[in-house]
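A look at the structure
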Protein chains: 2
Amino acid sequence: MEFRKPIPLQSAIKLMMEHAPLMETEEISLSESYLRILAEPVVAAHNIPPFDRAPYDGFAIRSQDSQGASEQQRIGFQVVDHIGAGSVSTKMLGQGEAVRIMTGAAMPKHADSVVMLEQAKLSDSGDCFTIRKSFQPLENVSLAGEDAAVGDVLLEGGELIHPGSIALLATLGYAKVKVARKPVVGILATGSELLDIDEKLVDGKIRNSNGPMLQGQLARMGIPFRSYGKLMDRFDACYELVKQAITETDCLITTGGVSVGDFDFLPAIYEKLGAKVLFNKVAMRPGSVTTLAVLDGKLLFGLSGNPSACYTGFELFTRPALLRMMGSNKPYLRYTQAELAEDYKKANPFTRFIRASLSFTEGRAVITSAGFNKSNAVSSLAQTNALIVLPGGSRSFAKGDIVDVLMLGTEEGDREWKI
Amino acid sequence: MEFRKPIPLQSAIKLMMEHAPLMETEEISLSESYLRILAEPVVAAHNIPPFDRAPYDGFAIRSQDSQGASEQQRIGFQVVDHIGAGSVSTKMLGQGEAVRIMTGAAMPKHADSVVMLEQAKLSDSGDCFTIRKSFQPLENVSLAGEDAAVGDVLLEGGELIHPGSIALLATLGYAKVKVARKPVVGILATGSELLDIDEKLVDGKIRNSNGPMLQGQLARMGIPFRSYGKLMDRFDACYELVKQAITETDCLITTGGVSVGDFDFLPAIYEKLGAKVLFNKVAMRPGSVTTLAVLDGKLLFGLSGNPSACYTGFELFTRPALLRMMGSNKPYLRYTQAELAEDYKKANPFTRFIRASLSFTEGRAVITSAGFNKSNAVSSLAQTNALIVLPGGSRSFAKGDIVDVLMLGTEEGDREWKI
C-alpha cells in the first residue's frame, strides 16, 4: 500500500492559494454584476450628492431672513417659486423670499436653509407663510459631498459586488464595471457505482449526488460549470476525459478515485498527464484524501467520492481557490464561534469538520450537528448551514463548550484563514 | 397636508404576509433548483444507503471465522473474489474465505464484517491474508438505511433548496423537483431627478440607483425582474405604466412618489387604480412612508426614493413577502445579536434600522455602523451586510451594548419575525 504523508491543513490552503491562477479581467454590464469581484478600486468621480439639496419637503430661505423669529413675533415669507426634485430654480432669492421645494431638489442660489412644511404656517392661497423660529445657515440642508467626496476611494479592488455596492456604482455612473472573468469549472464524477439521477437503483449502485451538489455549490457562488457527467473506474476512459476537460475549463473538479483503493486511478492519471501534485493527503477529517494537482497553471481538485467529504472539500478548498482566482480579498468561509448544543465524544487526531446547523437564540450562537455524521452521509447535508471545526489533538467536547465555526451560504467571506 | 397614522412595524409585516398571494407550483430540473422553495416534503423512497456496504478498502469476511485470532494465533483467509464499488460479488463465502472489497461496494452475501487493508497481513501473491484480532458481526459495515430509512421525511415543504439538499434530492432520484414558480417582479423608479446610469450629471439631477440596486436584491434571491426603467413625476404617465406593469408581473415595486410632497403621485395612482392600501406609514426609520397596496391579489410595494430607505424597505418587506409567495417556511431575515462597536447618541422615537457591518472577532459578534447614516445615503450601502435594529422609544446606546441585528446576504432565513 502506498504511504502518503499528510500535510497540515493550513499548509495545504497556503500552497493552494499560491498556485491559484489569476483570471483576466473583463467589462460587464452593472446589471449582471451581482457576486462578481471588482478588478479595480471605485473612486468617486464626483461628490455624492453632487449638489446641495433639500432633505425634506418645505421652503428654501436665506437663514439671515429668519433671525429673530419667535412664537410672539412670527416672520413672514413670500413664495416666489415652486420646484420638485430634478428641477432647478432660476430665481435669485431676495429678502423675505422663499422657494417651495421638495425632497431631493437642488437648493436655489442664495438659499441656505430649509423650513420643513410642518414648521411653516401657510396662508390659504399658499403664497405666503410664517415661521416662529430662526434658522441656522445650512439647517436642513443636505450638502454636496456629505455622503462621499470626489476622489474618495469607496470600494477597493477585490470586493465582491452585492446590491449595496451596485447602488453606489449606479450613482457614480458605472453602467459597466471591470471585474475578473468567471472561471468555468469542470465537474467529473468517477465511480463504477454511480447511476444518473433519473436511473432506477440496481444492486450495488447509488446515484451520483456529488455532481449535482457541486453544481449547486458553484451556483451559490454564481460560477458556471461544465458537466462531464460520470465515468466508471477505468483508467483509459478517465484519463482521456480528464485530459479533454482540462483544455475546456479553467479548473477541474473530479470526485472519487483519489484514495489508495484498487480502482482509484486519479493518482496515476495525474502522473501520466504530467500534473504536479501539490498534496494528496491533508491532516483533516473527513476528506483526508483531498488532492490538489496543477497542470498548465490550472488547478485540478481531486475531491473525495464520499458526499460529506466532497461537500466539505469544495467549501474549504475549491471555493477559496476560485475566489482567489477572481481576485477576491475575502476568499475564506466566514468564521465565528458558537456554543455546542450537545456533547461530542470522539477524539480528533486531526482537525475535524462536522456538518452542522447554526442558529441564533436569545443572542447566543448555538451549533448542533446536522445529523448522521460519517464522511459518506448525505441526509445531514440537507440540514447543514455551517461546519463545526474541532482542532486536531483535541479529545471530547461537552455541551456548552465554545467551538470554532465556519458559516456556509453567506455572501461575504473572510479575509483571513482563521483555523 | 395629509395626515397619515403610522402602523406598528410588526402589524405591517403581519398584514403584508396575510396578503401575499401563493404562487402556483411547477416541476423543474434539479440542476436549476438552487434557491427555489420545495413545494412538498421529501420522503425517502428507499434506504440510504440502499444496501449494506464497505466503508473502507479491505476484505469482507464472515465474522464467525475470525473468532480467536490474536497476535500469537493469527487466522488466515483465502481471497476468493475482488470487487470495487458498483460491483456485486456472486460468491457465497465459505469458512475462511474473503472477498477483497473497495469502499462503497456492496457486502457479499454471508459476509458481515470488513477487515481494513491495514488490519490484514497479505501474502506476496495477495491471494491470502492473516489477521490478529477477531471481528464482531457488522464491524466496519455501513448498514443499509443507517443514513436515512425508507419513509423518513427528510425535508419539509417550504424549505429553500441549497447545495446540501440538492445532494439529498439527487441521491433519492429527484431528477425533477416540485417547487413554487418564481414570481416575476416589476421595478419602476419614479422621480424627475433621475438620470440613467450612463447619463452625464446635470444640475439638480442624480442617477437612478434604486432600480439597479433592487435588481441586485432580487438577483440575491434568484428572482427574475422586469425593469420599467424610470419615469418623471407626472401623474398620467406613471398611472399608465403602473397599470400596464401590474398586468405583466406578479408583484410591482415602485420607488419614490409615496410621501406627501407636491409631486408624490403614487397615493393618487393607487386610488385611481382601485388598489387597496394596506398601510402607507410605518412606525420605523428610515422608510416610514413605505406603502403597500393590493390590486387583483397582487402586492404593490411603494418604497421610498431614498436609497437607504429603499434598500431597507426591500429587505424588511419585499423579501419576506416574495419568499412567502413561494411558500418559504423561513421568509424573514436572519436575526442575531451583537455588540455595538461605537456609541449611538440619537433618540429613537420609532424602531430604527441602521445599515451596518457585522464581523466576528474572537468569538464575539461586533457590529458597527456602515458609515454616513441618512435615509438618502448610498455610499454606506456598499459596506452593509447587516441592519442594526434599535427599538422605538429607546434613547442612546453605548459602545459594548448588545443590540438586535438582522443579517443580510445569508442563504437561510428565519422562521419567525423576531423584532
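Criteria and thresholds
- Residues numbered from 1 in each chain as written.
- Chains lettered and ligands numbered in written order.
- Predicted model: local features only at pLDDT ≥ 70, side-chain atom pairs only at ≥ 80, totals over all residues.
- Heavy atoms only, no water.
- Core = buried A, V, L, I, M, F, W, Y, C linked by side-chain atoms within 4.5 Å.
- Buried < 20%, exposed > 50% of the residue type's maximum accessible area, 1.4 Å probe, protein only.
- Contact = heavy atoms within 4.5 Å.
- Helix = DSSP H or I, 4+ residues; strand = E, 2+ residues; numbered from the N terminus.
- Polar contact = N/O pair within 3.5 Å; in protein donor to acceptor, adjacent residues only side chain to side chain.
- Salt bridge = Lys/Arg side-chain N within 4 Å of Asp/Glu carboxyl O.
- Buried area = accessible area lost by both parts, 1.4 Å probe.
- Nonpolar A, V, L, I, M, F, W, Y, C, P; charged D, E, K, R; others polar.
- Axes fitted to C-alpha atoms, helices over the stretch in contact; angles between N-to-C directions.
- Parallel < 35°, antiparallel > 145°, perpendicular 65-115°, else oblique.
- Left-handed = near helix turned anticlockwise from the far one by under 90°.
- Phe/Tyr/Trp six-rings, centres within 6.5 Å; stacked < 30°, edge-to-face > 60°.
- Pairing = 2+ DSSP bridges.
- Lys, Arg positive; Asp, Glu negative; His and termini not counted.

1. Regarding the nonpolar core
Ranked by internal contacts, the top residues of the largest apolar core, which has 144 residues, are Phe301 and Phe317 of chain A together with Phe301 and Phe317 of chain B. Leaving out residues up to four positions away in the same chain, Phe301 of chain B has contacts with Met16, Cys251, Leu252, Ile253, Thr254, Tyr270, Thr291, Leu292, Phe317, Thr318 and Ala321 of chain B. One finds Tyr344, Ile367 and Val403 of chain A together with Leu358 of chain B within the second-largest nonpolar core, a separate group that totals 32 residues.

2. Considerations on unusual backbone geometry
Backbone phi values are negative for most residues with the exception of glycine, while trans is the configuration of most peptide bonds. Residues Ile48 of chain A and Pro49 of chain A are joined by a peptide bond in cis, for which omega reads -10°. Arg285 of chain A connects to Pro286 of chain A through a cis peptide bond whose omega is -10°. Considering the arrangement of structural elements, one finds Pro286 of chain A in the loop between β17 (284-285) and β18 (291-295). Positive phi is not limited to glycine here, since Leu35 of chain A has a value of about 75°. Inspection of the secondary structure assignment puts Leu35 of chain A in the loop between β1 (25-29) and β2 (42-43). Residue Leu35 of chain A is classed as buried on the basis of its relative accessible area of 14%. Of note in this structure, Leu138 of chain B is not a glycine but carries a positive phi near 75°.

3. Quick word on the environment of Lys374 of chain B
Structurally, Lys374 of chain B is set in the loop between β22 (364-369) and β23 (386-390). Using a relative accessible area of 33% as the deciding quantity, one classes Lys374 of chain B as partly exposed. In the structure, Lys374 of chain B is positioned 67 residues away from Pro307 of chain B in sequence and 9.5 Å away in space, judged by C-alpha atoms. Aside from chain neighbours lying at most four places away, what touches Lys374 of chain B is Glu146 of chain A together with Ser308 and Arg355 of chain B. A polar contact of 3.3 Å, which involves the side chain of Lys374 of chain B, links it to the side chain of Glu146 of chain A.

4. A few points about the pattern of salt bridges
In the structure shown here, the tally under the stated rule is 45 salt bridges over all chains. With its nearest N and O atoms 2.5 Å apart, the salt bridge here joins Asp262 of chain A to Arg100 of chain B. You can see Asp262 of chain A sitting in the loop between β15 (251-255) and α5 (266-273) and its partner Arg100 of chain B sitting in strand β5 (residues 97-101), one on each of two chains. A residue is classified by how much of its surface remains accessible, and Arg100 of chain B, at 15% relative accessible area, is buried.

5. A closer look at the interface of chain B and chain A
Each partner contributes residues to the interface: chain B has 93 residues there, and chain A has 93 residues. Between chain B and chain A the total buried area reaches about 7,200 Å² when both faces are included, carbon and sulfur atoms providing 59% of it. Where chain B touches chain A, the interface holds six salt bridges. Counting the contacts that link chain B with chain A gives 28 residue pairs in polar contact (both at pLDDT 80 or more). Counting only elements with at least two residues in the side of chain B that touches chain A, the list comes to β4 (75-83), β9 (153-155), α2 (163-171), β13 (206-207), α3 (210-221), β20 (334-340) and β21 (351-361) of chain B. If one sorts the elements of the side of chain B that touches chain A by residue count, α2 of chain B sits on top with eight residues. Looking at the side of chain B that touches chain A residue by residue, the classes come out as 41 nonpolar, 32 polar and 20 charged.

6. A few points about the packing of helix α4 (residues 235-248) of chain B against helix α5 (residues 266-273) of chain B
Residue and element names in this part refer to chain B. The contact between α4 and α5 brings their axes to 10 Å, and the two run at 55°. Taken together, α4 and α5 sit at an angle that is classed as oblique. Along this stretch, α4 crosses α5, giving a crossing that reads as right-handed. Between α4 and α5, the contacting residues are Phe235, Cys238, Tyr239, Val242, Lys243 and Ile246 on the first element and Ala268, Ile269, Lys272 and Leu273 on the second. Partitioning the contact of α4 with α5 into residue classes produces eight nonpolar, no polar and two charged.

7. Re the packing of aromatic side chains
Residue and element names in this part refer to chain A. Scanning all chains against the criterion turns up 12 aromatic pairs over all chains. Between Phe59 and Phe129 the ring centres are 4.1 Å apart and the planes differ by 25°, which places this aromatic pair in the stacked class. A residue pair is termed long-range when its members are at least 10 positions apart, and Phe59 in strand β3 (residues 58-61) and Phe129 in strand β8 (residues 128-131) qualify at 70 residues. Side by side, Phe59 and Phe129 carry an identical accessibility label, which is buried.

8. Structural notes on the pairing of β22 of chain B
Within a regular strand, the side chains alternate between the two sheet faces. Residue and element names in this part refer to chain B. Taken together, the two bridges between β20 and β22 define a ladder with parallel strand orientation. Residue Glu339 lies in a different strand from β22, and its bridge partner there is Val366. Direction of pairing for β21 relative to β22: antiparallel, over a ladder of six bridges. Across the sheet, the residue bridging to Thr361 is Arg364, located in β22. Between β21 and β22, which pair antiparallel in sequence order, lie two residues; one of them, Glu362, sits at a positive phi of approximately 45°.

9. Observations concerning the side chain of Arg53 of chain A
Relative to the elements of secondary structure, Arg53 of chain A occurs in the loop between β2 and β3. For the buried Arg53 of chain A, no salt bridge exists, and the shortest N-O distance to an oppositely charged side chain is 5.8 Å, to Glu146 of chain A. Non-local contacts of Arg53 of chain A, meaning those with residues more than four positions away in its chain, are made with Gly104, Ala105, Ala106, Met107, Val141 and Ser142 of chain A together with Ile206 and Asn376 of chain B.

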